[in-house]
Every structure is written in C-alpha cells, then in structure tokens.
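Structural description and commentary
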2 protein chains.
Amino acid sequence: MAVHVLAVLAYKEGDRVTSAFLAGSVNTNPVIIRRLLLTLQRAKLVDTCKGAGSGSRLNRSPGRINLAEIYRAVEEAEPFATPARKPNTACPVGHCIRKELDRIFESAQKAMERDLEKTSLADVINAVKASCAAKQAV
Amino acid sequence: MAVHVLAVLAYKEGDRVTSAFLAGSVNTNPVIIRRLLLTLQRAKLVDTCKGAGSGSRLNRSPGRINLAEIYRAVEEAEPFATPARKPNTACPVGHCIRKELDRIFESAQKAMERDLEKTSLADVINAVKASCAAKQAV
DNA sequence: ACAGGTGTAATCACTGCGGTTACTTATTAA
DNA sequence: TTAATAAGTAACCGCAGTGATTACACCTGT
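A brief report on the enclosed structure follows. What you see is a predicted model; the values in this text were computed from it and never measured. (Residues numbered from 1 in each chain as written. Chains lettered and ligands numbered in written order. Predicted model: local features only at pLDDT ≥ 70, side-chain atom pairs only at ≥ 80, totals over all residues. Heavy atoms only, no water.)

Brief notes about the environment of Leu 40 of chain B
Residues and elements named next belong to chain B. Mapped onto the secondary structure, Leu 40 falls in helix 3 (residues 30-42). In this structure, the C-alpha to C-alpha distance between Leu 40 and Leu 58, residues 18 residues apart in sequence, is 9.7 Å. Ignoring sequence-local partners within four residues, the contact set of Leu 40 consists of Leu 6, Leu 45, Val 46, Ala 73 and Val 74. (Helix = DSSP H or I, 4+ residues; strand = E, 2+ residues; numbered from the N terminus. Contact = heavy atoms within 4.5 Å.)

Let's talk about helix 5 (residues 92-117) of chain A
For helix 5 of chain A, built from 26 residues, the straight-helix expectation of 38 Å at 1.5 Å per residue is met to within 8% by its first-to-last C-alpha distance of 39 Å. At Arg 98 of chain A, helix 5 of chain A shows its largest kink, close to 35°. (Expected span 1.5 Å × (residues − 1). Bend = angle between axes of the 7 residues up to and from the residue.)

With respect to the protein's contact with DNA strand C
As a structural note, the neighbourhood of DNA strand C is formed by 22 residues, with Thr 28 of chain A together with Ser 19, Arg 34, Gly 51 and Arg 85 of chain B the closest of them. Put simply, 61% of the atoms of DNA strand C that lie within 4 Å of the protein are in sugar or phosphate. With respect to DNA strand C, the backbone of Ala 52 of chain B contributes an N or O atom lying 3.4 Å from a base nitrogen. Contacts to DNA strand C include Arg 85 of chain B, whose side-chain N or O atom sits 3.0 Å from a phosphate oxygen. Secondary-structure elements contributing two or more residues to the surface near DNA strand C are helix 3 (30-42) of chain A together with helix 3 of chain B. (Near = heavy atom within 4 Å. Polar contact = N/O pair within 3.5 Å; in protein donor to acceptor, adjacent residues only side chain to side chain.)

Considerations on the interface of chain A and chain B
Accessible area lost when the parts come together is the quantity often used to give the size of an interface. Across the boundary between the two partners, chain A contributes 43 residues, which contact 43 residues of chain B. Both faces considered, chain A and chain B share a buried interface measuring about 3800 Å² in area, 73% of it formed by carbon and sulfur atoms. Seen at the junction of chain A and chain B, the total is zero salt bridges. At the boundary of chain A and chain B, one finds 10 residue pairs in polar contact (both at pLDDT 80 or more). Going through the elements one at a time, helix 1 (2-11), helix 2 (19-26), helix 4 (67-74), helix 5 and helix 6 (121-137) of chain A are the ones with two or more residues in the side of chain A that touches chain B. Examining the composition of the side of chain A that touches chain B, we find that 16 residues originate from one element, helix 5 of chain A, more than from any other. Taken together, the residues of the side of chain A that touches chain B break down into 27 nonpolar, 11 polar and five charged. (Buried area = accessible area lost by both parts, 1.4 Å probe. Salt bridge = Lys/Arg side-chain N within 4 Å of Asp/Glu carboxyl O. Nonpolar A, V, L, I, M, F, W, Y, C, P; charged D, E, K, R; others polar.)

Digging into the packing of aromatic side chains
One pass over the structure, following the stated rule, counts four aromatic pairs over all chains. Relative to Phe 105 of chain A, the ring of Phe 80 of chain A has its centre 4.2 Å away and its plane inclined at 15°; by these criteria the two rings are stacked. In this pair, Phe 80 of chain A sits in the loop between helix 4 and helix 5 while Phe 105 of chain A sits in helix 5, placing the two residues 25 residues apart along the sequence. Overall, the relative accessible area of 11% leaves Phe 80 of chain A in the buried class. Residue Phe 105 of chain A is classed as buried on the basis of its relative accessible area, which comes to 14%. Members of the aromatic cluster, connected to one another through ring pairs, are Tyr 71 of chain A together with Phe 80 and Phe 105 of chain B. (Phe/Tyr/Trp six-rings, centres within 6.5 Å; stacked < 30°, edge-to-face > 60°. Buried < 20%, exposed > 50% of the residue type's maximum accessible area, 1.4 Å probe, protein only.)

Concerning the relation of the copies chain A and chain B
Of the transformation placing chain A onto chain B, the axial shift is 0.0 Å and the rotation is 180°, giving an RMSD of 0.0 Å. Viewed as a symmetry operation, the transformation between the two copies matches a two-fold axis. When each C-alpha of chain A is compared by its distance to the rotation axis, Met 112 of chain A comes out closest, at 2.4 Å. Taken as a fraction of all interface residues of chain A, those also at the interface in chain B reach 100%, which identifies the copy contact as same-surface. (Least-squares fit on C-alpha atoms with pLDDT ≥ 70 in both.)

Focus: the protein's contact with DNA strand D
Near DNA strand D there are 25 residues, and of these Ser 19, Arg 34 and Arg 85 of chain A together with Thr 28 and Val 31 of chain B occur at the shortest range. The sugar-phosphate portion of DNA strand D accounts for 68% of its atoms within 4 Å of the protein, the bases making up the rest. Within the contact set of DNA strand D, a base nitrogen lies 3.3 Å away from a side-chain nitrogen or oxygen of Arg 35 of chain A. Broken down by secondary-structure element, the contributors of at least two residues to the surface near DNA strand D are helix 3 of chain A together with helix 3 of chain B. In terms of residue count, the dominant contributor to the surface near DNA strand D is helix 3 of chain A (five residues). Counted by class, the surface near DNA strand D contains eight nonpolar, 11 polar and six charged residues.

Listed below in structure tokens is the structure:
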C-alpha cells in the first residue's frame, strides 16, 4: 500500500494530492492513507500540508527513492517470527539457538533489502506506464 | 520454531524424540509441536512414528537440510502483504501496479531464500555447540 | 492388555491491521 | 472574518492468524 501511494504521488509529479484521492486509487479509507502518510513523513519521504487545496507530495524525486527505504519506513516487524515464550534454557539447544537464529535471519533480511534497493520508485512508475500503454495498444 | 525443533532433532542424531520433549525445549505445548511436525513431514524433512517409545527424527542428515527448505515448508504466506481489496482500476496506477509489485516482491523473496540456502542445519547446531562451549568456558 | 505415543478437532485468547465514524486543528480562499 | 477544505487523531469494530489448552480417538511395542 505504501508503494502504491508513493507511486501515485510520483505519477502526479509534485502536485499535492489529497488523502481522499489516494484512498480512491488504493480503494480504501482516507484515514488509513493519512495514518500511512504520517509514517512516510517521519521517514522524510513525503511532505504533507494541511488546509484547503493542499495534500501530500514526494519529498524527493522518484529516482532517488528505492523500495528498501519504503520497506524500512513502513515495516517495523521482523519478517521472521520468533516465539513469544523464551526457549527452555535447560536444553543445550534452547539455551543458545535464539541468538544464532537472530544472526541468520538478520542476514536474510539484509539480502532481501539489498534486492529491494535495486528498484527505485521511478522504475516502478515506468513499468506501470509501459504496462498500461501495452494494454491500451491491445 | 521449526528451525529450533529441527535443530534439536539434529542434536539428537537420529534418535527418535517425542513431541513432549521438543515442546519442553521450545517451551510450548506438545500439540503445537505435533502440528508443526505434520508440516515438516509433508516436506519430507522428518519421519514420525506413532506408538510407544517412538517419536520423530530427521529424514536426512543435517548437512543436507538448509534453512530455505525449512522456510518454504513452513511459511506459506508471502512476506509482503498486499491489501485485500483490489486497487481502483480506473486509476492508471492502480490498474497496473499490482502485477508489477508481485514481480518485485517475488524477486526480493527469492534473494532472501538464496541467503537462507547458504546455511544448513548442521551449520546451526555447530554454531550452537560452539556458543555453548564458549559460555561454559567462562 | 496397556502404557506411551501421535493425529486431530474444538475452543479460547491475544495480536495486528484494515475499516469506519467522529471530532479537532490548520490553512486557504472568498 | 467566515466558510470551506483537508490533515491529525482518538475510539471502536471486525476479521484473520497463531499459539495455547483440553479432550479424545487411534496406533504400536512390550
């Protein structure tokens, strides 16, 4: 949803867009969008103004925003779930495995983020535009 | 949890281990473990027997099981959430972005799995053993 | 036969997240 | 100065996922 919202903002090239409009594209509620925009503001990805005739726009050019940044801004939970209860420390495996898994999972997450870094928001809208053009041609 | 369970089985080197014992190490309920073991059976990672004095053991040597296999066996949900509602197809961005994002996210997931493939279950227990030895030395 | 296991269903609680309504606050325009 | 517009925010609902728990049927080696 975050990528979708930012893609619309990129598509609008600097024009301020209201949360109601974004909600229309994502097909959800403006409040959901505003909550998301607050997160994206904290990450300095968007710039939002209150008041009549205002809204949000990108804080940087789409070419200078990559998907890993968006991922980090939005996703605070780890992709790998660790059980709420602590393992049994009396078991030799249980005693030490948690730290080891944290190390391994962090590496995997970093690998994923490095892949996301390769795609910019500009790449996304270019692909979207190309895809739309292809459909219209047919 | 899956890695923890399989690590204990690897640690026990072929001995059959009961779900109650595994539950003790993970600090959870035997039923949870049995449900997990059913999934791991389907993936041919473990071999479980019913009856008195039985339990589960690895189906392959720990060196031939990597964490990506475990991930695929256990995790059926995509790491990236896509909104339940379809985007607004009247919006040029909403109309085409979903397919594009699927492509990008699949690539990122693949990158993550490739990283997980680099670590085998044997690597995990070796690291755990080393970590325990270090602690005891202190 | 029986004791020790798994398989499995039913149910509960907790959590996270999207959805919705309603209200407050800030800004622009008339 | 007032009205309109839009974000900020709190409160609450519903849904889905998941671990936890209990209970019971079924299998198997001694």
